[in-house]
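# Observations on chain architecture
In case you want the letters, here they are:
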Amino acid sequence: PIPLTVTPDSGSALGGDLVTVSGLYMVSGLSIYFCGNPATEVSVASASQATARTPAGVGLCDVEIVNPDGQAGGLEGGFTFTPPQPVLENVVPSEGPLEGGIDVVLYGTNFMQGMEVWFGVSQSTQVVLFSSSTASATVPPGLPGPVNVEIVNPGGAFAVINDGFEYKETPQ
């Protein structure tokens, strides 16, 4: 098989986009891969066209078609995964001690594995993704007062809550 084009040639990093692969010598039962990850719902319409749903991925990817007999062909840089725009809705709790060390829960949408969490200019060293809408982060040390809370997904898409966390001095 020889893939020639993928339409559309970009889609969500979360996957699930329906694409059409046009090419030559495609047969029923073939597999399609994006960055080495298998597509789902693959359907061959003809020897020159197949459709599939993209897997999740990041960045520019090669697209490979593998016929059932093992013959394969690739399209270098044939598809680009674009990061979804995350939304940060809430940080709980929204205040904590200057020394940090507490865990907060972040609520929103389009969170991705590998996302960074920032409290002002300091990055959290421990982020746990529970789902695309919930994560936790360990608060780094900070100075008294409010700071912006920012999440940054792989690929650079970000969201901010201005003054989303307040560092407070612990009463003596």
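Residues numbered from 1 in each chain as written. Predicted model: local features only at pLDDT ≥ 70, side-chain atom pairs only at ≥ 80, totals over all residues. Heavy atoms only, no water.

### Comments concerning the overall build of the chain
Condition: Here a helix means four or more residues in a row that DSSP labels H or I, a strand means two or more in a row labelled E, and each is numbered from the N terminus. We compute the radius of gyration from the C-alpha atoms alone; for a globule the expected value is 2.2 Å times N to the 0.38, where N is the number of residues. Throughout this description, buried means an accessible area under 20% of the type-specific maximum (1.4 Å probe, protein chains only), exposed means over 50%, and partly exposed covers the range between. Here a residue-residue contact requires only that any non-hydrogen atoms of the pair lie within 4.5 Å. Surface accessibility follows the Shrake-Rupley procedure with a 1.4 Å probe radius. Residue values consider only the protein chains on display as shielding.
Of regular secondary structure, the chain possesses zero helices and 18 strands. Radius of gyration (C-alpha) of the chain: 22 Å, far over the 16 Å computed for a compact globule of 172 residues. If one aligns the C-alpha atoms of the chain with their principal axes, the spans along those axes are about 75 × 25 × 20 Å. Looking at the chain as a whole, 37% of its 172 residues are labelled buried. Sequence-distant contacts, at least 24 apart, represent 55% of the contacts inside the chain between residues at least 6 apart. Carbon and sulfur atoms provide 52% of the accessible area of the chain, an area that totals close to 8700 Å².

### Comments concerning the environment of P68
Summarising the element assignment, P68 is placed in the loop between strand 8 (59–66) and strand 9 (72–82). Considering only alpha carbons, one finds P68 and V58, ten residues apart in sequence, at a separation of 27 Å. Not counting residues within four places of it along the chain, the set of residues in contact with P68 comprises V27, S28, G29 and L30.

### So, the sheet that holds strand 13 (residues 116–119)
The strands that make up a sheet pair up through hydrogen bonds in the backbone, lying either parallel or antiparallel. Formally: Should DSSP find at least two bridges between two strands, the strands are regarded as paired.
Taken in spatial order, the five strands of this open sheet run 11-18-17-13-14, and their pairing is mixed. The sheet is open, and its two edges are formed by strand 11 (95–97) and strand 14 (122–123), each paired on a single side. As defined by bridge partners, strand 13 adjoins strand 17 (residues 145–152) across four bridges and the pair is classed as antiparallel. Bridge pairing in strand 17 links W118 to E150.

### Some words on unusual backbone geometry
Going from T7 to P8, the amide bond is cis rather than trans, its omega being -10°. The residue P8 is located in the loop between strand 1 (2–7) and strand 2 (10–12) in this model. Omega for the peptide link from V92 to P93 comes to -5°, which places this bond in the cis form. With respect to the secondary-structure elements, P93 resides in the loop between strand 10 (87–92) and strand 11. Within the chain, E41 stands out as a residue other than glycine whose phi angle is a positive 50°. On the secondary structure map, E41 appears in strand 6 (residues 40–46). The phi torsion at D163 lies on the positive side, around 50°, for a residue other than glycine.

### A closer look at the side chain of T138
Mapping T138 onto the fold places it in strand 16 (residues 134–138). Each residue touching T138, except ones within four places of it in the same chain, is listed here: G101, I102, D103, F119, S124, T125 and Q126.

### Things to note about the sheet that holds strand 10
To keep it simple, the criterion reads: For helices, the axis comes from a line fit to the C-alpha atoms of the stretch in contact; other axes are also lines fit to C-alpha atoms, and the angle between any two N-to-C directions lies between 0 and 180 degrees.
Read across the open sheet, the four strands follow the order 10-12-16-15; overall the sheet is antiparallel. Unpaired on one side and paired on the other, strand 10 and strand 15 (127–131) mark the two borders of the sheet. The sheet shows a mean angle of 25° between the axes of neighbouring strands, taken without regard to direction. By the bridge criterion, five bridges tie strand 12 (residues 103–109) to strand 16 in an arrangement that is antiparallel. Residue pairing for strand 16: D103 is matched across the bridge by T138.

### Here we look at the pattern of salt bridges
Pairs can form between side chains of opposite charge once their charged atoms are near each other. Which entries qualify depends on this criterion: Salt bridge criterion: a side-chain nitrogen from Lys or Arg within 4 Å of a carboxyl oxygen from Asp or Glu.
Overall, the coordinates contain two salt bridges when judged by the stated rule. Notably, a salt bridge pairs E95 with K168, separated by 3.2 Å at the nearest N-O pair. One end of the pair, E95, is in strand 11; the other, K168, is in strand 18 (residues 158–168), with 73 residues separating them in the sequence. K168 sits in the partly exposed class, given a relative accessible area of 36%.

Purely spatial values, then, with no claim about function.
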